[in-house]
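Listed here are the chains, written in short residue letters.
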Amino acid sequence: MLVLGGTGEGHRLAELLGAHRHLRVVTSLAGRTTQHRPEGEVRRGGFGGAPGLARWLHANAPAIVVDATHPFAVQISRNALAATELVGCPLLRLQREAWRPTAGDRWLSVPDVAAAADLLPDVGRRPLVTTGRLDLAAFTTHPRCSALHLVARCVEPPTDTVPARTTVLLARGPYAVAGELDLLREHRIDVLVTKNSGGDDTRAKLDAARELGLSVIMIDRPPAPRGLVTLPSVAGAEQWVLGALPRGSSPARGRQSPVQ
Ligand code: NAP
């Protein structure tokens, strides 16, 4: 099994599948963050585009590839689709459901990070930006955002220098609503900017924003490829994988025999 990871779901799936002792599960990470190592066998770093991934698949011959990467990690998902088609390996997409607005939410949907940065100065002066360090420059270098005081929450420090008016908070979810309310109040946040990542770990900021009546600039997900089997839950993905394995590799959770 190859699990393309970098998400909590990918790590949980690798853990569940790894408990079936007859399966060898390799999790692949882009290798950009230093923490949060999943259990089991891990490889790090890019493959070298779709051709490089196809070469890896050819050499290692996994029975199935699960693309459990983040909904906004477009390139690796494209590569996974192209490479698995090339070598004829089954591909499953594990992707958590998108968040949906509920009564009281004040969401402004935009198609991408650039559009969020364009809109931001019209909505607030002290935004909390949770789009991740790699997308931070879209806001810090945008001429119309130069008068704003940005509070950016990232898992790892930004690699580029950030302007003095930017406050960087380093934190990793999961987050609770009480803590998110404290943060929004303490930094006098008047608008939240987020990708529609989905999932429970980082949902609390949306509940807190609703409670305080704040607007949310919600960056929509990039369109998913058509015709790909996509499941939203880790348990569902585990069942799908076990059902799709070649005959003869029956599951035996916790069996102690060596990996074949
Ligand atoms: P991306 O733009 O889709 O990928 C850029 C390149 O990074 C890929 O072409 C590939 O390099 C390499 N790569 C990405 N994920 C990989 C993986 N799991 N294993 C091996 N190589 C990988 O991805 P991204 O948006 O920069 O995200 C990088 C990683 O962070 C992803 O694994 C994703 O799950 C995770 N993540 C992303 C976000 C986000 O907002 N984008 C949020 C949380 C976590 P090669 O072409 O050389 O193979």
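Throughout what follows, the structure given in this document is the object of discussion. For clarity, every value in this text was computed on a predicted model and none was experimentally measured.

## A closer look at the site of the ligand
- In the vicinity of the ligand lie 21 residues, with Ser28, Arg32, Phe47, Gln75 and Lys195 positioned nearest.
- Within the backbone of alanine 73, a nitrogen or oxygen atom sits 3.3 Å from an oxygen atom of the ligand.
- Taking isoleucine 76, its main chain carries an N or O atom lying 2.9 Å from an oxygen atom of the ligand.
- When the free accessible area of the ligand is taken as 810 Å², the share hidden by the protein chains comes to 75%.
- When contributions to the shell around the ligand are tallied by element, the ones reaching two or more residues are β2 (26-29) and α3 (74-87).
- Looking at which element gives the most residues to the shell around the ligand, the answer is α3, with 4 residues.
- Each residue belonging to the shell around the ligand can be placed in one class, and the counts come to 7 nonpolar, 11 polar and 3 charged.

## Looking at the packing of helix α2 (residues 49-60) against α3
- Between α2 and α3, the shortest axis-to-axis distance is 8 Å and the interhelical angle comes to 45°. Regarding the angle of α2 to α3, the classification is oblique. When you trace α2 past α3, the crossing you get is right-handed. Within the contact between the two elements, α2 uses Gly49, Ala50, Leu53, Ala54, Leu57 and His58 and α3 uses Asn79, Ala80, Ala82, Ala83, Thr84, Leu86 and Val87.

## Let's talk about the sheet that holds strand β9 (residues 167-170)
- If you trace the 6 strands from one edge of the open sheet to the other, you get β6-β11-β10-β7-β8-β9, paired in parallel fashion. Every interior strand has two partners, whereas the edge strands, β6 (106-110) and β9, have only one. On average, each strand axis in the sheet is inclined to that of its neighbour by 20°, with strand direction left out of account.
- Both β6 and strand β11 (residues 215-219) contribute to a ladder of 5 bridges, which runs parallel. Each bridged residue has a counterpart across the sheet, and for serine 109 the counterpart in β11 is methionine 218.
- Here helix α7 (residues 204-212) sits on the sheet in contact with β6, β8 (151-154), β10 (191-195) and β11, set at roughly 155° to β10.

## Describing the packing of helix α6 (residues 177-186) against α7
- The geometry of α6 relative to α7 is characterised by a closest axis approach of 8 Å and an angle of 55° between their N-to-C directions. One finds that α6 runs oblique with respect to α7. You can see that α6 and α7 cross each other, and the crossing is right-handed. On α7, the residues that touch Val177, Glu180, Leu181, Leu184 and Arg185 of α6 are Ala204, Lys205, Asp207, Ala208, Ala209, Glu211 and Leu212.
- For the contact of α6 with α7, the residue count by class is 7 nonpolar, no polar and 5 charged.

## As for α7
- By the burial criterion, the buried members of α7 are Ala204, Lys205, Leu206, Ala208 and Ala209.
- Tucked inside the fold, the buried residues of α7 contact β6, β8, α6, β10 and β11.

## Digging into the sheet that holds β2
- Pairing is parallel across the open sheet formed by 6 strands, whose spatial order is β3-β2-β1-β4-β5-β12. Each having just a single partner strand, β3 (41-44) and β12 (230-231) make up the two edges of the open sheet.
- On top of the sheet, α2 reaches β1 (2-4), β2, β3 and β4 (65-67); it is set at about 155° to β1, its chief contact.
- Docked against the sheet, α3 engages β1, β4 and β5 (91-94), running at close to 160° with respect to β5.

Cut-offs and rules
Residues numbered from 1 in each chain as written. Predicted model: local features only at pLDDT ≥ 70, side-chain atom pairs only at ≥ 80, totals over all residues. Heavy atoms only, no water. Near = heavy atom within 4 Å. Polar contact = N/O pair within 3.5 Å; in protein donor to acceptor, adjacent residues only side chain to side chain. Areas by Shrake-Rupley, 256 points an atom, 1.4 Å probe, with all protein chains shown as cover. Helix = DSSP H or I, 4+ residues; strand = E, 2+ residues; numbered from the N terminus. Nonpolar A, V, L, I, M, F, W, Y, C, P; charged D, E, K, R; others polar. Axes fitted to C-alpha atoms, helices over the stretch in contact; angles between N-to-C directions. Parallel < 35°, antiparallel > 145°, perpendicular 65-115°, else oblique. Left-handed = near helix turned anticlockwise from the far one by under 90°. Contact = heavy atoms within 4.5 Å. Pairing = 2+ DSSP bridges. Buried < 20%, exposed > 50% of the residue type's maximum accessible area, 1.4 Å probe, protein only.

Distances and angles like these do not, on their own, reveal function.
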